[in-house]
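Descriptive structure summary
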Amino acid sequence: MNPAEEYILNQPEPYRGILLFLQSVIEGAIPGVELKYKYKIPFYYINGRPYCYLNQSKDYVDLGFWNAAHLSVHLDQMNTEGRKMMKSLRYRSLEDIDATVLKEVLKDAYSVKDKKFWK
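Remember, predicted model here, so these are calculated numbers, not experimental data.

Our focus in this paragraph is the side chain of Lys-113. Position of Lys-113 among the secondary structure elements: in the segment after α3 (99-111). When its relative accessible area of 17% is taken as the criterion, Lys-113 is described as buried. Ignoring anything within four residues of it in the chain, the contact list for Lys-113 reads Ile-46, Arg-49 and Asn-67.

Structure (structure tokens):
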């Protein structure tokens, strides 16, 4: 088992369930993603470039996007609290996850995967 999977499986509920669900959706929706363990959290890469990350913090799970400056859909649902460049979808329970919004944001992030971090 790689460290990223270990991170996910070692989280308490409900966070483990949220992380496993997000992992399943990301890996099913985005071609060529590779799960790595970087910066002490699970990080998805595409062609060697960061795509998104999963982080359990406090009482929520963040699905953060590397090229967030270029995202254009569902920005009203993205969290930017305390950050200049990163944006994330934040979940406190499985019921918080709107699958349509999640998939549309993942596809939007995929469409800008080759852009630079800064706008």
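Once the structure has been displayed, the description carries forward.
Between the first and last C-alpha of α3 there are 18 Å, a value that for 13 residues agrees with the 18 Å anticipated at 1.5 Å per step. For α3, every residue scored as buried is listed here: Val-101, Leu-102, Val-105, Leu-106, Asp-108 and Ala-109. Looking down the long axis of α3, one finds its buried residues gathered within 160 degrees of arc, a one-sided arrangement. α3 presents Lys-107 and Ser-111 as exposed residues on the side facing more than 90 degrees away from its buried surface. Contacts from the buried residues of α3 go to α2 (15-29), β3 (49-57), β4 (60-65) and β5 (87-91). Taking the backbone nitrogen of Thr-100 as reference, a side-chain oxygen 3.0 Å away marks Asp-98 as the first, capping residue of α3.

Across 4 bridges, strand β2 (residues 41-46) lies against β3 in antiparallel orientation. Residue Tyr-45 lies in a different strand from β3, and its bridge partner there is Pro-50. Between the end of β2 and the start of β3, which pair antiparallel, lie 2 residues, with Asn-47 showing a positive phi angle near 50 degrees. The pairing of β3 with β4 spans 6 bridges and is antiparallel. Note that in β4 the partner of Cys-52 across the bridge is Phe-65.

Conventions used here
Residues numbered from 1 in each chain as written. Predicted model: local features only at pLDDT ≥ 70, side-chain atom pairs only at ≥ 80, totals over all residues. Heavy atoms only, no water. Helix = DSSP H or I, 4+ residues; strand = E, 2+ residues; numbered from the N terminus. Buried < 20%, exposed > 50% of the residue type's maximum accessible area, 1.4 Å probe, protein only. Contact = heavy atoms within 4.5 Å. Expected span 1.5 Å × (residues − 1). Arc of directions from axis to C-beta. Polar contact = N/O pair within 3.5 Å; in protein donor to acceptor, adjacent residues only side chain to side chain. Pairing = 2+ DSSP bridges.

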